[in-house]
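# Notes for the structure review
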Amino acid sequence: GRYNDCLGKLKEEQGDFKEAIRYYDQEIMILRGNPSTTDAYLVYCYTNIGLLHYDLMDYSQALFHCNEALKILQRILPPDDPDLATCYSCVGTI
């Protein structure tokens, strides 16, 4: 699982955002099939993909992925959690 995350980070640092997105997408597919996956790690992957799409000016995909992260956070965090507020801000920025 974490192999794709490492490759995604590497591609992101190299400026190859589309390739980074591909690796993060693969990571999400692996995570979704693993019952021991933590929600926080899914949020991390969805947020990274959203921010990469934002950098590529693909705002509809950026919004979709940040909303996926937000849905998970709304389910697992209390409404006054600062991480939830940060995610709302990210969605609002897009």
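Note that this is a predicted model, so its numbers are computed, not measured. (Residues numbered from 1 in each chain as written. Predicted model: local features only at pLDDT ≥ 70, side-chain atom pairs only at ≥ 80, totals over all residues. Heavy atoms only, no water.)

Here we take up helix H2 (residues 17–32). For H2, with 16 residues, the first-to-last C-alpha span of 22 Å sits near the 22 Å given by 1.5 Å per residue. Regarding H2, the residues found buried are Ala 20, Ile 21, Tyr 23, Tyr 24, Glu 27, Ile 28 and Leu 31. Buried positions in H2, seen along its axis, are confined to an arc of 165° and lie on one side of it. Among the exposed residues of H2, those pointing more than 90 degrees away from its buried face are Lys 18 and Met 29. The inward-facing, buried residues of H2 contact helix H1 (2–13) and helix H3 (39–55). (Helix = DSSP H or I, 4+ residues; strand = E, 2+ residues; numbered from the N terminus. Expected span 1.5 Å × (residues − 1). Buried < 20%, exposed > 50% of the residue type's maximum accessible area, 1.4 Å probe, protein only. Arc of directions from axis to C-beta. Contact = heavy atoms within 4.5 Å.)

On to helix H4 (residues 59–76), then. Over its 18 residues, H4 extends 26 Å from the first C-alpha to the last, a length consistent with the 26 Å expected when each residue adds 1.5 Å. Buried-residue contacts for H4 involve H2, H3 and helix H5 (82–93).

Looking now at the pattern of salt bridges. Per the stated rule, a full pass over the model turns up four salt bridges. Residue Arg 22 pairs with Glu 19 through a salt bridge whose shortest N-O separation is 2.6 Å. Of the two residues, Arg 22 and Glu 19 are both situated in helix H2; the distance of three residues between them amounts to about one turn of the helix. On the accessibility criterion, Arg 22 (36% relative accessible area) is partly exposed. Given a relative accessible area of 22%, Glu 19 falls into the partly exposed group. Between Arg 75 and Asp 39 there is a salt bridge, with the nearest N and O atoms lying 3.3 Å from each other. Of this pair, Arg 75 sits in helix H4 while Asp 39 is found in helix H3, placing the two residues 36 residues apart along the sequence. The class for Asp 39 is partly exposed, based on a relative accessible area of 25%. (Salt bridge = Lys/Arg side-chain N within 4 Å of Asp/Glu carboxyl O.)

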